[in-house]
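Listed here are the chains, written in short residue letters.
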Amino acid sequence: MENNFRKIDLCLIVIMMSIFCAECRDPVLHRVGGGRYTWAPNINFKEWSSPEQFFVGDWLYFGFDKRLYNVLEVNKTSYDNCIDKDFIKNITRGGRDVFNLTEAKPYYFLSGRGYCFKGMKVAMLVLEYHSPPAVPNPASDICSKMIQLVLLGTALVCTLLFKYI
């Protein structure tokens, strides 16, 4: 029985090593407008968003007074014309609201009740994350090949061990 647990542990270690070798990126929380409570009139959201990079999985944080403002996800036409009817989604909850960017596409947000005309709107293009190309490093390539061989060998051992249980 204890031998079976060791085999399972070994396979879990192989799986975990594979996961750690995978390329990934931690999601980023973007504070819309740059501060804690900066979803407000007279803030230049275009200036704020232009240097930002938005990727699938990132989050937007909107901090605002919910008695005055709201946050609506809208289409491009509504964004361009400050139309707060027929919005895609009202993400307003409590004035400290987050929104997950789940797709690679342009997103458009505005505040209704006339505040869009005072500049309370923001647009962003969300992209899929692609890790930057690796700089060739012969030592790293050898290490990478060794890790791949160890993982392959461990997987083969696991397969053989489970075959004879």
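Throughout this description, residue numbers start from 1 for each chain and increase along the sequence as written. Predicted model: local features are reported for residues with pLDDT of at least 70 only, side-chain atom pairs are reported and counted for 80 or more only, and whole-chain, interface and lining totals are derived from all residues. Only hydrogens and water are removed before side-chain values are computed, so all heavy atoms of the structure are retained for them.

## A few points about the packing of aromatic side chains
Then step 1. When the centres of two rings from Phe, Tyr and Trp lie within 6.5 Å, Trp using its six-membered ring, the rings pair. Their planes under 30 degrees apart give stacked, over 60 give edge-to-face, and anything left gives tilted. All told, the structure shown has 10 aromatic pairs when counted by the stated rule.
Then step 2. For the pair Trp39 and Phe62, a centre-to-centre distance of 5.1 Å together with 85° between the ring planes defines the contact as edge-to-face. Within this pair, whereas Trp39 is found in the loop between strand S1 (29–31) and helix H2 (45–49), its partner Phe62 is found in strand S3 (residues 59–63), the two being separated by 23 residues in sequence. For the residue pair Trp39 and Phe62, the accessibility class agrees, reading buried in each case.
Then step 3. Note on Phe55 and Tyr129: the rings are 5.5 Å apart at their centroids and 90° apart in plane angle, and the pair reads as edge-to-face. Taken together, the residues Phe55 in strand S2 (residues 54–55) and Tyr129 in the loop between strand S8 (121–127) and helix H4 (138–163) connect sequence positions 74 residues apart. The helix and strand labels rest on DSSP assignments: H or I over at least four residues marks a helix, E over at least two residues marks a strand, and numbering proceeds from the N terminus. When accessible area is computed with a 1.4 Å probe and restricted to protein chains, residues below 20% of their type maximum are described as buried, those above 50% as exposed, and intermediate ones as partly exposed.

## Some details on the pattern of salt bridges
Pairing of side chains with opposite charge becomes possible as their charged atoms draw close.
Then step 1. Each reported salt bridge corresponds to a side-chain nitrogen of Lys or Arg within 4 Å of a carboxyl oxygen of Asp or Glu. Under the criterion given, the structure shown has four salt bridges.
Then step 2. Note that Asp65 and Arg67 form a salt bridge whose closest N and O atoms lie 3.0 Å from each other.
Then step 3. Overall, the relative accessible area of 70% leaves Arg67 in the exposed class.
Then step 4. Lys105 is paired through a salt bridge with Glu73; the nearest N and O atoms lie 3.8 Å apart. With Lys105 in the loop between strand S6 (96–100) and strand S7 (106–110) and Glu73 in strand S4 (residues 72–74), the pair connects residues that are 32 residues apart, well separated along the chain.
Then step 5. Look at Lys105 and you get partly exposed, because its relative accessible area is 27%.

## Some points on the state of the cysteines
Then step 1. Cysteine sulfur pairs qualify as disulfides if the two atoms are within 2.5 Å. Per the stated rule, a full pass over the model turns up one disulfide.
Then step 2. The side chain of Cys82 participates in a disulfide bridge whose partner is Cys116; the two sulfur atoms lie 2.1 Å from each other. Here Cys82 and Cys116 share a disulfide; its torsion about the S-S bond, -65°, makes the bridge left-handed. Within this pair, whereas Cys82 is found in the loop between helix H3 (76–81) and strand S5 (89–90), its partner Cys116 is found in the loop between S7 and S8, the two being separated by 34 residues in sequence.
Then step 3. Looking at Cys82, the relative accessible area reads 13%, which means it is buried.

## Describing the sheet that holds S7
Then step 1. With mixed pairing, five strands are arranged side by side in an open sheet as S2-S8-S7-S4-S5. Looking at which strands have only one partner, the edges of the open sheet turn out to be S2 and S5.
Then step 2. Alignment of S4 against S5, held across two bridges, turns out to be antiparallel. Bridging from a neighbouring strand, Glu73 pairs with Lys89 of S5. Paired strands are those between which DSSP finds at least two bridges.

## Side note on the environment of Phe64
Then step 1. As for its placement among the helices and strands, Phe64 is situated in the loop between S3 and S4.
Then step 2. By relative accessible area, Phe64 is classed as buried at 7%.
Then step 3. A contact between two residues is defined here by any heavy atoms of the two lying within 4.5 Å. Excluding its chain neighbours within four sequence positions, the residues that come into contact with Phe64 are Tyr37, Trp39, Tyr69, Asn70, Val71, Thr92, Gly95 and Asp97.

## Focus: the environment of Arg31
Then step 1. As for its placement among the helices and strands, Arg31 is situated in strand S1.
Then step 2. Expressed as a C-alpha distance, the spacing of Arg31 and Trp48, which sit 17 residues apart in the sequence, is 9.7 Å.
Then step 3. Excluding residues that lie within four positions of it along the chain, Arg31 makes contacts with Arg36, Trp48 and Tyr61.

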